[in-house]
Amino acid sequence: MNTLLARRQNDGIPFALPDGMTAVCLSRSLRGEAKHGIFLIESSGKKWVIKYYHHKRGQLQRLFGNLENYLGGRSGVSPQRRFHNEKQSLQIWRENGFDVFRQPDEFPPIGIDGPHLVFEYGPGRTLKDFFLDRKLAKADKLHTFKRFLPEWGRRHFLAHENENRYLIQEHATFQHVYMSAEDQRLIFYDFEIVYNRRHSLPGLIGREIAGYVRSLPAEDLDDYLHILIREYPYPEFLSYPFYYFFRHPNSGLRFLYALDRQLPRNRRQKSKYNIAIRIQDYLQKRSMETIKLEG
């Protein structure tokens, strides 16, 4: 550690680097003290990624954020809590066979005085960017979506069977699935916030399904929904978004959802509520088609 130089890179790397090591900021939160971020590290021709956990908001915003998460049944927003959640989630996802970014066994010593994780580096892009790329053939996108569905359903099944909320993504979007350019691995990431037992697992599964679907391209949504209804391995779970957003068994939550639906942002075509309705419509059409075929 004596070789460490307490210097900062031009783009504000918030930790000390050894001589000969470089770092580039890939992403950071500009709120709070602008230290929370993801950094690409390079040394002797090798590359890694460091995720450094720090405050994402100012002090007053953190107080309101913790209160909001408490009322919403989610974990707190402190760097230590988000770090613990992510570390625990990564372990649980790996133990259940789901692909997340690998963590190296060996890594050069760096003087970091805050919670952090080190990950593999590999070129690629998020699935959201992939699906939105107008230069790509729609057939390639739909094929990748089909490839995504079996493991997605298996994860929902295990979360439901084992009452394991760590297997549910709080910020559910294809923005948080990374496709490796080298081997097309579908890698999940971003596990900083988890839900607590105030939420039922079916309700959380429904929320995640709606979240992922609403991040698909609007102009091709019908094509994706056709595949979702046909090939998602646990079709009963697909009814959860509509049931828990519109007919929740808890009368208090049902009332809050009814109020929430009146907000302007939730009247948009791709709000979670309208997505839940569209999924339910497709389920009903599929059910009617099945009845006709059997008749």
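Our subject in this report is the structure included herewith. (Residues numbered from 1 in each chain as written. Predicted model: local features only at pLDDT ≥ 70, side-chain atom pairs only at ≥ 80, totals over all residues. Heavy atoms only, no water.)

**A few points about the overall build of the chain**
Our working definition: Starting at the N terminus, helices and strands are each numbered in turn, a helix being any DSSP run of H or I of at least four residues and a strand any DSSP run of E of at least two. Values of the radius of gyration come from C-alpha atoms, whereas the globule rule sets the reference at 2.2 Å times the count of residues to the power 0.38. Each residue is placed in one exposure class: buried if its accessible area under a 1.4 Å probe, protein chains only, is under 20% of its type's maximum, exposed if it is over 50%, and partly exposed if it falls in between. Should any heavy atoms of two residues lie within 4.5 Å, those residues are counted as being in contact. What sets the accessible areas is the Shrake-Rupley method with a 1.4 Å probe; for residues, cover comes only from the shown protein chains. All tallies of charge rest on Lys and Arg as positive and Asp and Glu as negative; His and the ends of each chain are not included. A single reference atom marks each charge: NZ on Lys, CZ on Arg, CG on Asp, CD on Glu.
Helices and strands together make up the secondary structure of the chain, namely 9 helices and 9 strands. Scaling as 2.2 N^0.38, a compact globule of 295 residues should have a C-alpha radius of gyration of about 19 Å, and the chain matches this with 21 Å. Dimensions of the chain, computed from the C-alpha atoms along their principal axes, are close to 80 × 45 × 35 Å. Burial statistics for the chain: of 295 residues in total, 46% are counted as buried. Considering only residue pairs separated by 6 or more positions, the chain has 63% of its internal contacts joining residues 24 or more positions apart. Summed over its atoms, the accessible surface of the chain is roughly 15800 Å², and 51% of this surface lies on carbon and sulfur atoms. Between the mean site of the 46 positive side-chain charges and the mean site of the 34 negative ones, the chain shows a separation of 6 Å.

**Some words on the pattern of salt bridges**
Just so we agree on the cut-off: Salt bridge, as used here, is a side-chain nitrogen of Lys or Arg placed within 4 Å of a carboxyl oxygen of Asp or Glu.
Summed over the entire model, instances satisfying the criterion amount to 18 salt bridges. A salt bridge links Glu192 to Arg82; the shortest N-O distance between them is 3.1 Å. Of this pair, Glu192 sits in the loop between strand 9 (186-188) and helix 5 (201-214) while Arg82 sits in helix 2 (residues 79-95), and the two are 110 residues apart along the sequence. Like Arg82, Glu192 is buried. A salt bridge links Arg154 to Glu151; the nearest nitrogen and oxygen atoms lie 2.9 Å apart.

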